[in-house]
Every structure is written in C-alpha cells, then in structure tokens.
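Tertiary structure, described
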Amino acid sequence: MAQTVNTSKQAVISGTGESRFSRRSDAPLARLQLDAINAALTDAGLEPGDIDGVFTDGSVMPVSFPIDVAQTNAGLHGVRRVGQFATGGTGTALAVMEAAKAIRQGDLHAALIYFGVDWGSSQPPYSFHDRYRAKVLYEQPYGYYGQALYFATIARRYAHEYGYTMDQLARGLGQIAVDHRANALLNSNAQQSRSLDLDTYLAEGMLADPLRRYDCCLQSDGAVALILTSEEFNSHKDRPAVVVTGAGYAADSITDESFFSQNPLFTSLPSAHRSAALALSNAGVTVEQLDFVQAYDCFTPSPLMQLEALGVCAPGAGIEYVTAGTAIGSDLPLNTHGGSLAQCYLLGINHISEAVRQLRGEAGAGQVKNASKGAVMMAPGRDHVTLILERS
C-alpha cells in the first residue's frame, strides 16, 4: 500500500547544530551532544521550553545518551511526545520523517532530533554486531566479522553480477573516495584535511579485498542536532526555509542479523528502491530536478548502490557513473561535506545537516550553485529512508 502524507502544513528544518568533529575529542559525548542541541536551538531562534517533541535512533542513543538524559540536561520542559526509531543510520532519518509528519498534522510545533557517538575515543563500532547471537556463534569464529568484510563481500558480488573487472571496480570505488575527500577539503568541520588522488588510493594495501583503507568510513567523536518546526513556528523569515517535501520508508523481510550473510539481494537494496520512489512521489519531483544527493557512505559500495536505487543510473551502471566523478562541480554532487568517508562518521545525521546548509546557501567554499532540491538516503540495510528536502 502506498504511503500517504498529510501536507496541510509544512515541516521546516529550522535549526541545525554540530559539535566539533574529531578522531578523539577531549570532551565527553554528553558535552558534544548538548553543544549540538544548544547550537540547534540558537540557530532556530527557540528556547528549550519551545520543544514539544524529542526523537532519536532506537539502537545507539538509548544506551549512550537516552532521551530522558537529553531532555533533562537541555532543559526541555515542554515535551509532549518522544520516539526512538529503527537501527543505525535509518533511525535518525526515520525520526525526521516521523517528526515532520507530526508537525504537518498539527500534533507538534517544534521537534528535536539528536544523535552523537564517541566511537573515535571509545570502543570501535565493530562491536555493534556482537549483539547478534548467530554472528557470534557461526560467523565470527570462522573470520567472517567486521563491517569492512561485509561490504567487501557485497562489492565482489556486485562486480560478479554486473561483469566488472577488479580494476574497473577499484577505479570506480576509488573515485568515490577521492571525490569525498575533495569535498571534505572545502568543509571547515571535517576530520580529513589532506588531499587524495586515485594513484594514492590504488597504492594502498587491501584491508578486506577489494576494499582499501580509503574505502572505509572514519572513526569519530561528534554530535548533531536538528530542529523541525511548523512553518508558523519558524522564527527565521529572513532566510530560506528548508522544507521536508517528501519522505519514504521501506523494509525488507530479512532480519538485521541475516542481512549481510544470508541475503540474496544485498547488491540491489530493494528497500532503498522503494523508499526512494515513495519520497520522490510524495515530493512531486524527479531525479533530474535534484541538485545534490547525500547518501549513507559507511563504505564506498554503499552510496554506489543507493544512487542506483534512487534512479540516478540503472542497476549495474553505478561504476561507470561514479568513475566520471561526483564531486562538487559535477552534474549531481554526492556527499558535499565529505560524508562518513572524509568528514565524520555519525551514522549519517551529518548528511541531513549538510543538506540544510546547502539549501540555505551556507556551505561556503563547498556550496553547490543554486541548490534548491536535494535527497538524503539512509542506510544500506534491511530498511531504508529517503528524504527530499527543498528550499522554500
């Protein structure tokens, strides 16, 4: 059944806040997250008591910075609704989708979405998959462990299914890494500050064949907060409003536990195809009208397949597409902030804050000229969310 959206009101992303992103921060996660929340409130021109909804992901933040802690420490005394959604990067995008829906229906005036990690200075995110019993018992003892290996398997299967040589695959994935790094160099809040070229990428040894170090996301400390409001509650009438005009969620009938090892369709991401079609339809726009795409990029094969799912290119044509270049200045720039590969790994919430910066025209040296519509896609797994954001 098609999803329907009540568009009687508009939902505006009226505030964004980011902590300083780094490999290791001197500040604890709580400080980083509160800094981001306070920055978002300031950006939105709101007081803590104006917030009546708080949303986050359903897997990471309930342990590391739960809603009750966020609400209490940020002084959010007017909250009437809370929610935790999905797992991984899909969770924060789904939080935005659900907050926007509540605002359009008149149930909320101002909602906070927040997310942060300290995986750069604490335990690495590989341990996230230890919660799956089958992986611990039947996969890890035989060496099938770690997200890099999972996406290396996907990349090899992709090359086999679509007839690419390993050299063609390497040059396509390498160009994604190079372009992300070039974008990050134009962003003052990016971890990576050194340029990367294709020769340097290809000279790097294999981490999980065919993936090299530069195919992998960063380990990071950082936090982001977003504030969604109704159009009437948006206090900044003097700058472009960023409106959530389309959103789609879809989930495949396979468990998170089985997705990477028991999935016959993981090179095509069916849920991403469906979520993208829903979001574009709800927004009433076509792929050709988009000015940029921010796509979850834990590893280089991830944005490649999501571009295909969005309809930017045909299934299997992604390698040729990305080899031609997707940096700022291309026809459809990808991850204009550097993404998780070169800016910061925050399970993708920084992709949403970057989309807002682009649509407001606040991206500085990394600004996409005349950006008015963009897509955010998260994440490559059993479920997926696509958001269409537009400047109003």
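This section reports on the structure supplied with the text. Owing to the predicted nature of the structure, the values given are computational and were not obtained by experimental measurement.

Where helix α6 (residues 147–162) meets helix α7 (residues 166–184), the axes come as close as 10 Å, and the angle between the chain directions of the two elements is 125°. Viewed along their axes, α6 and α7 adopt a mutual orientation that is oblique. Like other packed secondary-structure pairs, α6 and α7 cross with a definite hand, here right-handed. For the pair α6 and α7, the contacting residues are Ala155, Arg156 and Ala159 in the first and Met166, Leu169 and Leu173 in the second.

Let us now look at helix α1 (residues 29–44). In an α-helix there are 3.6 residues to a turn, and that puts residues three or four apart on one side. A rise of 1.5 Å per residue sets the reference length of α1, with its 16 residues, at 22 Å; its end C-alpha atoms lie 23 Å apart and thus fit the reference within 8%. Listed as buried for α1 are Leu29, Leu32, Gln33, Leu34, Ala36, Ile37, Ala40, Leu41, Asp43 and Ala44. The inward-facing, buried residues of α1 contact β1 (11–18), α2 (61–64), α3 (67–73), β4 (110–118), β7 (221–230) and α13 (349–360). Directly beyond the C-terminal end of α1, a positive phi value near 70° is found at glycine 45.

Counting 122 residues, the largest nonpolar core has Tyr114, Leu310 and Leu387 as the members making the most contacts within it. Top element by residues in this core is helix α4 (residues 88–104). It accounts for nine residues.

This part takes up helix α9 (residues 270–283). For α9, which comprises 14 residues, the first-to-last C-alpha distance of 20 Å matches the rise-based estimate of 20 Å (1.5 Å per residue) to within 8%. Of the positions making up α9, those classed as buried are Ser271, Ala272, Ser275, Ala276, Leu278, Ala279, Leu280 and Ala283. Looking at the buried residues of α9, the elements they touch are β8 (242–251), α10 (301–310), β10 (373–378) and β11 (383–391). Positioned one or two residues after α9, glycine 284 has a phi angle of 70°, which is positive.

Omega for the bond connecting aspartate 209 with proline 210 falls within 30 degrees of zero, at 15°, which places this linkage in the cis form. As for its placement among the helices and strands, proline 210 is situated in the loop between β5 (206–208) and β6 (211–212). A cis amide bond links methionine 378 with the next residue in sequence, alanine 379, at an omega value of -5°. Position of alanine 379 among the secondary structure elements: in the loop between β10 and β11. In the Ramachandran plot, leucine 269 falls in the positive-phi region, its phi being about 50° despite a non-glycine side chain. Summarising the element assignment, leucine 269 is placed in the loop between β8 and α9. Its identity as a non-glycine residue notwithstanding, asparagine 335 has a phi of 50°, on the positive side. Counting through the fold element by element, asparagine 335 comes out in the loop between α11 (318–323) and α12 (339–342).

The next thing to look at is empty space enclosed by the protein. Applying the stated criterion to the full structure yields one cavity of 30 Å³ or more. Volume-wise, the largest cavity comes out at about 30 Å³. Val12, Ile13, Ser14, Asn234, His236, Arg239, Pro240, Ala241, Val242 and Arg360 together form the lining of the largest cavity. Broken down by element, the residue count for the lining of the largest cavity peaks at three residues, all from β1. Across the lining of the largest cavity, the residue classes tally to five nonpolar, three polar and two charged.

Tallied over the full model, the rule gives ten aromatic pairs. Aromatic pair phenylalanine 259 and phenylalanine 260: ring centres 5.0 Å apart, planes at 85°, arrangement edge-to-face. Among the residues examined, phenylalanine 259 registers a relative accessible area of 4% and is labelled buried. The class for phenylalanine 260 is buried, based on a relative accessible area of 9%. Counting every residue linked through ring pairs, the aromatic cluster contains Tyr144, Tyr150, Phe151, Phe259, Phe260 and Phe299.

Roughly 990 Å³ of internal volume is contained in the largest pocket. Taken together, 44 residues line the largest pocket, and the ones lying closest to its centre are Gln147, Cys217, Cys298, Phe299 and Tyr345. Going through the elements one at a time, α4, α6, α7 and α12 are the ones with two or more residues in the lining of the largest pocket. Along the lines of polarity and charge, the residues of the lining of the largest pocket split into 25 nonpolar, twelve polar and seven charged.

Within β7, ten of the ten residues are buried, which leaves it mostly tucked inside the rest of the structure. Alternating positions in β7 separate into two faces, Asp221, Ala223, Ala225, Ile227 and Thr229 on one and Gly222, Val224, Leu226, Leu228 and Ser230 on the other, with burial throughout. Two strands pair when backbone bridges link them, and β1 and β7 are joined in this way by seven bridges, in the antiparallel orientation. Along β7, the bridge assignment pairs threonine 16 with leucine 226. Summarising the sheet, β4 and β7 pair through nine bridges and their orientation is antiparallel. Bridging across to β7, valine 117 finds its partner in glycine 222.

Basis of the calculations
Residues numbered from 1 in each chain as written. Predicted model: local features only at pLDDT ≥ 70, side-chain atom pairs only at ≥ 80, totals over all residues. Heavy atoms only, no water. Axes fitted to C-alpha atoms, helices over the stretch in contact; angles between N-to-C directions. Helix = DSSP H or I, 4+ residues; strand = E, 2+ residues; numbered from the N terminus. Parallel < 35°, antiparallel > 145°, perpendicular 65-115°, else oblique. Left-handed = near helix turned anticlockwise from the far one by under 90°. Contact = heavy atoms within 4.5 Å. Expected span 1.5 Å × (residues − 1). Buried < 20%, exposed > 50% of the residue type's maximum accessible area, 1.4 Å probe, protein only. Core = buried A, V, L, I, M, F, W, Y, C linked by side-chain atoms within 4.5 Å. 1 Å grid on protein atoms, 1.4 Å probe; cavity = no way out; pocket = protein on both sides within 12 Å on 5 of 7 lines; lining within 4 Å. Points joined across faces, edges and corners; volume = space filled by probe spheres on them. Nonpolar A, V, L, I, M, F, W, Y, C, P; charged D, E, K, R; others polar. Phe/Tyr/Trp six-rings, centres within 6.5 Å; stacked < 30°, edge-to-face > 60°. Pairing = 2+ DSSP bridges.

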